[in-house]
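# Architecture at a glance
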Amino acid sequence: MKRPGRTIITATAAPAAIGTYSQAVRVGDTVYLSGQIPLDPETMTLVTGGIDAEIHRAFRNLSAVATAAGGGLADCVKLTVYLTSLEHFPRVNAIMAEYFEVPYPARAAVGVAELPRGAQVEIEGVLVLDGVP
């Protein structure tokens, strides 16, 4: 069912949705990015190489969806990072600095028991696209 005022965002450069959700939904100038786990968009398999590789892939996937929405990570106002071990939080901080500049978006980090496909990290975000059609 189509909902007035909502635009569904689909990014071919990011993994396809693996459930009953959209990659992102735009309402006005706000874009709600669904959580991205470290799936390779071409093979739909979890990347190998440990937590650093997973964090990088999740940010690249999130970036691809943000780009498909007409923006980029610089338009992000809020991130939520889900980790199966909060011991990885310092790696999130270090790697996040490669994708974002000051002023950083608001952020929450949440420890969880498990994530889809055995991922160690999932990242979701909210963009504000001021005046971007």
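Here the residue numbers are simple positions, counted from 1 along each chain's written sequence. Whole-chain, interface and lining totals are the exception, using all residues; otherwise, since this is a predicted model, local features are given only for residues with pLDDT of at least 70 and side-chain atom pairs are given and counted only at 80 or more. Heavy atoms from the whole structure form the basis of all side-chain values; hydrogens and water molecules are not counted.

Once that is clear, we can look at the packing of helix α1 (residues 51-68) against helix α2 (residues 89-99). The relative placement of two packed helices is expressed as an angle between their axes plus a distance between the axes. Where α1 contacts α2, the axes come no closer than 10 Å and their chain directions differ by 40 degrees. When the axes of α1 and α2 are compared, the pair comes out oblique. Along this stretch, α1 crosses α2, giving a crossing that reads as right-handed. On α2, the residues touching Ile51, Asp52, Ile55, His56, Phe59 and Arg60 of α1 are Arg91, Val92, Ile95, Met96, Glu98 and Tyr99. Among the residues making up the contact of α1 with α2, the classes are represented as seven nonpolar, one polar and four charged. With axes taken as lines fitted to C-alpha atoms, and helix axes fitted only over the stretch in contact, angles between N-to-C directions fall between 0 and 180 degrees. Helix and strand definitions follow DSSP, with helices as H or I runs of at least four residues and strands as E runs of at least two, each counted in order from the N terminus. To sort the angles, those under 35 degrees are grouped as roughly parallel, those over 145 as roughly antiparallel, those from 65 to 115 as roughly perpendicular, and the leftovers as oblique. Take the far helix as the reference: if the near one is turned anticlockwise from it by less than a right angle, the crossing is left-handed, and if turned clockwise, right-handed. Here a residue-residue contact requires only that any non-hydrogen atoms of the pair lie within 4.5 Å. Each residue is assigned to one class: nonpolar for Ala, Val, Leu, Ile, Met, Phe, Trp, Tyr, Cys and Pro, charged for Asp, Glu, Lys and Arg, and polar for all the others, Gly among them.

Proximity of charged atoms lets side chains of opposite charge pair with each other. By salt bridge we mean one thing: a side-chain nitrogen of Lys or Arg within 4 Å of a carboxyl oxygen of Asp or Glu. Throughout the structure, instances matching the rule amount to two salt bridges. Note that Arg26 and Asp29 form a salt bridge whose closest N and O atoms lie 3.7 Å from each other. The exposure class of Arg26 is buried, given its relative accessible area of 10%. Using a 1.4 Å probe on the protein chains alone, a residue whose accessible area is under 20% of its type maximum counts as buried, one over 50% counts as exposed, and one in between counts as partly exposed.

Geometric values such as these leave the question of function open.
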